Amino acid sequence: MSAANQSTPVPPENAGVEPDIQLRKLNRMERVLGPEFYRIFRGVITNPLSIIGTSLILFFVLVAIFAAQIVPPATPTNPYSIPRDGFGTTPLPPGTAWLRQAPPLPFWWKAITGKDKWFHVLGTTSGQWDIFYGLVWGTRTAIIVGVLIEGLTLMIGIIIGAVASFYGGWVDEILMRFTEIFMAFPFIMAALTLSAILTPIIGRGIWPPTIALVVFGWMSYARLIRGDILSIRERDFVTAARVVGANDSRILFSHIIPNAIYPTLVLASMDIGTIVISFAALSFLGIGTEVGYADWGQLISFARNWIPTLSQYWWIVIYPGIALILFVLGWNLVGDALRDIMDPKLRGQIRR
Amino acid sequence: MSMQTTTETVRSPDVLLRVEGLKMHFPVYRGVFRSRVGEIKAVDGITFDILRGETLGLVGESGCGKSTAGRTILQLYRPTAGSVYLDGEDLSTLHGEKLRQHRRKMQMIFQDPYASLDPRMTIGEIVGEPLDVHQTARGKGRRERIAHLLQVVGLNPLYAGRYPHEFSGGQRQRVGIARALALNPSFIVCDEPISALDVSIQAQVVNLLEDIQKEMGLTYLFIAHDLSMVRHISTRVAVMYLGKLMELSDRSEVYVDPLHPYTQSLLSAIPIPDPVLEERRKRIILTGDVPSPANPPSGCVFHTRCPYAEAICGETIPAWREIHSGHWVACHFAERFKK
Ligand SMILES: Nc1ncnc2c1ncn2[C@@H]1O[C@H](COP(=O)(O)OP(=O)(O)OP(=O)(O)O)[C@@H](O)[C@H]1O
Ligand code: SF4
Ligand SMILES: [Mg+2]
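Since the structure is predicted, the reported quantities are computational estimates derived from the model, not experimental observations.

What counts as what
- Residues numbered from 1 in each chain as written.
- Chains lettered and ligands numbered in written order.
- Predicted model: local features only at pLDDT ≥ 70, side-chain atom pairs only at ≥ 80, totals over all residues.
- Heavy atoms only, no water.
- Pairing = 2+ DSSP bridges.
- Helix = DSSP H or I, 4+ residues; strand = E, 2+ residues; numbered from the N terminus.
- Axes fitted to C-alpha atoms, helices over the stretch in contact; angles between N-to-C directions.
- Contact = heavy atoms within 4.5 Å.
- Buried < 20%, exposed > 50% of the residue type's maximum accessible area, 1.4 Å probe, protein only.
- Near = heavy atom within 4 Å.
- Nonpolar A, V, L, I, M, F, W, Y, C, P; charged D, E, K, R; others polar.
- Polar contact = N/O pair within 3.5 Å; in protein donor to acceptor, adjacent residues only side chain to side chain.
- Patch = residues over 30% accessible without salt bridge, like charges linked within 9 Å, V, L, I, M, F, W, Y side chains within 5 Å.
- Areas by Shrake-Rupley, 256 points an atom, 1.4 Å probe, with all protein chains shown as cover.
- Salt bridge = Lys/Arg side-chain N within 4 Å of Asp/Glu carboxyl O.
- pLDDT = per-residue confidence, 0-100.
- Phe/Tyr/Trp six-rings, centres within 6.5 Å; stacked < 30°, edge-to-face > 60°.
- Lys NZ or Arg CZ within 6 Å of the ring centre and 35° of its normal.

### Some words on the sheet that holds strand β6 (residues 106–109) of chain B
Residue and element names in this part refer to chain B.
Part 1 of the argument: Across the sheet, eight strands lie side by side as β6-β7-β8-β3-β9-β10-β12-β11; this open sheet has mixed pairing. Every interior strand has two partners, whereas the edge strands, β6 and β11 (321–324), have only one. Averaged over all neighbouring strand pairs, the angle between strand axes comes to 20°, with direction disregarded.
Part 2 of the argument: Strand direction decides the pairing type here: strand β3 (residues 55–59) and strand β9 (residues 236–241), joined by four bridges, are parallel. When the bridges of β9 are listed, Val59 appears paired with Val239.
Part 3 of the argument: Helix α7 (residues 199–216) rests against β3, β6 and β8 (219–224) of the sheet, and its axis sits at about 160° to β8.

### With respect to the pairing of strand β1 (residues 15–30) of chain B
Part 1 of the argument: Both β1 of chain B and strand β2 (residues 35–51) of chain B contribute to a ladder of 13 bridges, which runs antiparallel. Looking at the pairing, Phe26 of chain B lines up with Ile40 of chain B of β2 of chain B.

### Digging into the environment of Gly288 of chain A
All names here are of chain A.
Part 1 of the argument: With respect to the secondary-structure elements, Gly288 resides in the loop between α13 (248–284) and α14 (296–301).
Part 2 of the argument: Residue Gly288 is classed as buried on the basis of its relative accessible area of 1%.
Part 3 of the argument: Separated by 93 residues in sequence, Gly288 and Ser195 have C-alpha atoms that sit 7.2 Å apart.
Part 4 of the argument: Once residues within four sequence positions are removed from consideration, Gly288 is found in contact with Arg204, Gly205 and Pro209.

### Some points on the site of ligand 2
Part 1 of the argument: All residues in the neighbourhood of ligand 2 are listed as His260, Pro261, Cys300, Phe302, His303, Cys306, Tyr308, Ala309, Cys313, Cys331, His332 and Phe333 of chain B.
Part 2 of the argument: Split into classes, the residues belonging to the shell around ligand 2 amount to nine nonpolar, three polar and no charged.

### Here's the deal with the site of ligand 1
Residues and elements named next belong to chain B.
Part 1 of the argument: Around ligand 1, 14 residues are found, and the nearest of them are Ser62, Gly63, Lys66, Ser67 and Thr68.
Part 2 of the argument: Here Ser62 contributes a side-chain N or O atom positioned 2.6 Å from an oxygen atom of ligand 1.
Part 3 of the argument: Lys66 places a polar main-chain atom, nitrogen or oxygen, 2.9 Å from an oxygen atom of ligand 1.
Part 4 of the argument: Residue contributions to the shell around ligand 1 peak at three residues, all from helix α2 (residues 66–73).
Part 5 of the argument: Looking at the shell around ligand 1 residue by residue, the class counts come to six nonpolar, five polar and three charged.

### Some words on a nonpolar patch on the surface
Residues and elements named next belong to chain A.
Part 1 of the argument: On the surface, Leu58, Val61, Leu62, Ile65 and Phe66 cluster together to form a nonpolar patch covering roughly 440 Å² of accessible area.
Part 2 of the argument: Summarising the element assignment, Phe66 is placed in the loop between α4 (48–65) and α5 (67–70).
Part 3 of the argument: Under the relative-accessibility criterion, Phe66 is labelled partly exposed at 42%.

### Some details on the confidence of the model for chain A
All names here are of chain A.
Part 1 of the argument: Confidence in the prediction for chain A averages 84 pLDDT; 89% of positions are at 70 or higher.
Part 2 of the argument: Confidence scores differ between elements of chain A, with helix α1 (residues 2–6) showing the lowest mean pLDDT of 39 and helix α12 (residues 236–243) the highest of 94.
Part 3 of the argument: Scored below 50 in pLDDT, residues 1–16 shows 37 contacts in the model against residues more than four places distant or in partner chains.
Part 4 of the argument: For the stretch residues 345–352, pLDDT sits under 50, and the model shows 13 contacts to residues farther than four places along the chain or on other chains.

### Quick word on the pattern of salt bridges
Part 1 of the argument: Taken as a whole and assessed by the stated rule, the structure comprises 19 salt bridges over all chains.
Part 2 of the argument: The salt bridge partner of Asp172 of chain A is Arg226 of chain A, with a shortest N-O separation of 2.7 Å. Of this pair, Asp172 of chain A sits in helix α8 (residues 169–184) while Arg226 of chain A is found in helix α11 (residues 219–233), placing the two residues 54 residues apart along the sequence.
Part 3 of the argument: Under the relative-accessibility criterion, Asp172 of chain A is labelled buried at 10%.
Part 4 of the argument: Among the salt bridges present, the one from Lys140 of chain B reaches Glu144 of chain B, with a minimum N-O distance of 3.0 Å. Note that Lys140 of chain B and Glu144 of chain B are positioned in helix α5 (residues 139–152) at a spacing of four residues, about one turn of the helix.
Part 5 of the argument: On the basis of relative accessible area, Glu144 of chain B is assigned to the partly exposed category, the value being 46%.
Part 6 of the argument: Counted as one network, the salt bridges with shared partners bring together Glu173, Arg177 and Glu180 of chain A.

### Some remarks on the packing of aromatic side chains
Part 1 of the argument: Evaluation of the coordinates by the stated rule reveals 32 aromatic pairs over all chains.
Part 2 of the argument: With a centroid separation of 5.1 Å and an interplanar angle of 90°, the aromatic rings of Phe26 of chain B and Tyr77 of chain B are classed as edge-to-face. Pair noted here: Phe26 of chain B is in strand β1 and Tyr77 of chain B is in the loop between α2 and β4 (81–86), with a separation of 51 residues, a long-range link.
Part 3 of the argument: Classification of Phe26 of chain B as partly exposed rests on a relative accessible area of 25%.
Part 4 of the argument: Ring-pair connections join several aromatic residues into one group, and the members of that group are Trp98, Trp108, Trp109, Trp118, Phe119 and Phe132 of chain A.
Part 5 of the argument: Looking at Arg84 of chain A, its charged tip hangs above the ring of Trp129 of chain A, at a distance of 3.8 Å from the centre.
Part 6 of the argument: Note that Arg336 of chain B overlies the ring of Phe333 of chain B, its terminal NZ or CZ placed 4.0 Å from the centroid.

Right, dumping it as structure tokens:
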């Protein structure tokens, strides 16, 4: 008997083979990406709303990458500082000639405008900061800030949620109470206060609002991933991995997290837009980056004193506003599409 | 005939697995301070042997602790009390790496073929995971072993790169079986492996399990929720109720001459194809619900539903005794029910 145990089994003759189904052919993409990823990928590139969203995001990414080609930096050492055409308070309308501190001419300038001097493409805002320059370089800020804050928030959320759910018991209890405490703060107020406190300590720049938004932004990820890990942890395939002798880290990293992470990633993609809005809101309130830093929120904030006469000086809010709205819209459309693709109720219709 | 052979084995027992007084109580916590307010006695002191090469059917209503028993035997839950000896070694005293090494010898097949395969792994990766974890095969050897295992369970090895969702329930169950076989185990807990499958597929999977058992000399603990399911495959049958064993005996005796009122009631629920027998037999129809395992009845746990219960049944726990060779029962009055 024990000898039989050692030998490799031989296919039994009467294995009761089910009629051999012909499986659908897989294309190369599907094989490389795996089923879930391929499904998401296909969903994203076929859903019309997410095509719009992806195109918007792609557009902003390209602007951010080629910012220096679109508008060469005015001061090469500090490209994020928006050049100002004098110090007058009254905004200049689009098309006004750029007299002082104009950046070098970009390669496309003559071909498209037919002029051989800079003018203020989208006008200037109060203080003579050039709006076009601010928007182009502000795209970089938006993407860097969005990705940076989102990445840090997600990391903290995932670590706290994973530790809480994996260890359970009082660890879970303490971490979740801690999370609830943070959720009790009104988000923008808390972030505003913290970033106001941090600014004199670490100086103006993108860091005070970044830290503040991260500190008060991770909770929803922690809770979401915790819930998903708790439910995945009880699934039979996790027990099956333990049965074959897999250790804790293998179970966590190759079975639990890969199965639990998608909803959290979807939420994160939807939140990038919101994060950039919050960052802009802090800038608008005068907290965060130094005055004149290329940042959409700050551009809008220059319009503060002109609110009663905005119908006359419309360009100072319309252009930065459009940039911000399209950016947020892009991420939301993609996030919505991802959520629909991931929705287990809709899933049955996609797959058997 | 089977009577003859099993009495043989009982007389010269070659015990593979010995379970002694096994208990698994799940604590119940309540409130902010997570104080322990009680426990669910999912498995409450069970004792039996499984002989090498046999199939022990474990039967009982939903919630009586069958799965918990199987999982505690495999040390997926650490037992509250009692021991599990596999090949003479007490698994309940092993920890960490040592226990992990022993997992090669004992495997499990799950009830739900959809939940038991990681949807993000190909079936090749799933079947190969035991090999990776124990580093028994690498590279070409690993691929060949996976292909071989898939063949053994009647799947085309060309499908190793496919994901579970592309397969039917029966085929997924075969993948689960291939995974269980990967390490050449000697003992497999089959936790209702066919309950979730279409009736037409059930027989195929049972046949496959039997064929593999013969080929590899496997020993099964085969869990099912009614007696008709294990009739075909089992060598012996154990009946469980509220965390305790009620009766254990050779298959032929359990179905023909059950000595425990609970076993009799389970048999009453199975229709007999023969109208004469069907007419003659005495039916016991159970009334009432299964009591909660958090608060099991005193004395004989079955006394709240037993038609033969007497005063002593509510007071004294009936002993788990071998009423005659190879026939174990836990009832004060088992002798009365003998034919
Ligand atoms: N991990 C656990 N924690 C707490 N209670 C549990 C746990 N697992 C099982 N139980 C409880 O133990 C009892 C026995 O459950 P178990 O799953 O072993 O029953 P079963 O006989 O396998 O039932 P089924 O036929 O439904 O599979 C049930 O009351 C169940 O609620
Ligand atoms: S001990 Fe009493 S209550 Fe329990 S099964 Fe036997 S007769 Fe019924
Ligand atoms: Mg069960």
